[in-house]
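A structural walkthrough
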Amino acid sequence: MTFKQAAVLAPVSFFLGILFICFNVDHKLLWGELTETVIADGFSFYTTFFNSPPAIKALLHGMIGVGVLGLVGKLHKWDDSAMFFDGSSLGVYVFAIAVYTAVICPTLKTVAIPLEEDTYSDRIEAVRVLAAANVIIMICLGLILTLQAGQVYAKRLEVQTIEVENKALDKEKKEQ
């Protein structure tokens, strides 16, 4: 594994770990029965998450940057593998960042610091939208891992094919 690939896999795995922790609350909000306890757990969890120290938020945003730099660095090679696997991964990663900035940040603020015009039902809807956005990002990150694994598989298959062809050429030369 190269440094660039590690710069992609580390942030993706890091965020998947964070989102799996959030999934403990999210699955109850999305697919379970909505009781007052579930709603209170969601509000409490995401309010704690929103009020985390700035160092934690800086770490999260720094890891986003590491992932982007890793994918751009891998894409810089500009061969077929980079264009397909790394280009697709970068597109999916940018989509996940867009979901984070357009959906998660505003809804997290609505859950943690509601405005006067935000009703209780608005906050419930916001926490459910937040949970759905987390699931969408988890799917995106899983897709990135799958694309990166596919790239490694394709490279190994290409190396094996070249070795078989070289052995066949060597055998032909020896027979002549």
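Residues numbered from 1 in each chain as written. Predicted model: local features only at pLDDT ≥ 70, side-chain atom pairs only at ≥ 80, totals over all residues. Heavy atoms only, no water.

1. Things to note about the packing of helix H2 (residues 36-50) against helix H5 (residues 120-175)
With their axes 10 Å apart at the nearest point, H2 and H5 run at an angle of 70° to one another. If you check the angle between H2 and H5, you find them roughly perpendicular. Note that H2 runs across H5; the crossing there is left-handed. Residues Glu36, Ile39, Gly42, Phe43 and Tyr46 of H2 touch H5, and the partners they reach there are Tyr120, Arg123, Ile124, Val127, Leu130 and Asn134. Of the residues belonging to the contact of H2 with H5, the class tally is seven nonpolar, two polar and two charged. (Axes fitted to C-alpha atoms, helices over the stretch in contact; angles between N-to-C directions. Helix = DSSP H or I, 4+ residues; strand = E, 2+ residues; numbered from the N terminus. Parallel < 35°, antiparallel > 145°, perpendicular 65-115°, else oblique. Left-handed = near helix turned anticlockwise from the far one by under 90°. Contact = heavy atoms within 4.5 Å. Nonpolar A, V, L, I, M, F, W, Y, C, P; charged D, E, K, R; others polar.)

2. Description of the side chain of Ser52
With respect to the element layout, Ser52 can be found in the loop between H2 and helix H3 (54-75). A distance of 3.0 Å separates the side chain of Ser52 from the backbone oxygen of Phe49, its partner in a polar contact. (Polar contact = N/O pair within 3.5 Å; in protein donor to acceptor, adjacent residues only side chain to side chain.)

3. Some thoughts on helix H4 (residues 80-112)
With 33 residues, H4 extends 45 Å between its outermost C-alpha atoms, agreeing within 8% with the 48 Å of an ideal straight helix rising 1.5 Å per residue. The sharpest bend along H4 measures roughly 35° and falls at Tyr100. (Expected span 1.5 Å × (residues − 1). Bend = angle between axes of the 7 residues up to and from the residue.)

4. Here we look at the packing of aromatic side chains
Tallying each qualifying case throughout the model produces six aromatic pairs. Considering the side-chain rings of Phe45 and Phe49, the 6.5 Å spacing of their centres and the 15° angle between planes classify their relative orientation as stacked. With Phe45 and Phe49 both in helix H2 and four residues apart, this pair spans about one turn of that helix. Grouped by ring-pair contacts, the aromatic residues Phe45, Tyr46 and Phe49 constitute a single cluster. Between the NZ or CZ atom of Lys57 and the centre of the ring of Phe50, over which it lies, the distance is 5.1 Å. When the ring centre of Phe43 is taken as origin, the NZ or CZ atom of Arg123, which lies over that ring, is 4.1 Å away. (Phe/Tyr/Trp six-rings, centres within 6.5 Å; stacked < 30°, edge-to-face > 60°. Lys NZ or Arg CZ within 6 Å of the ring centre and 35° of its normal.)

Shape is all these values report; function is a separate question.
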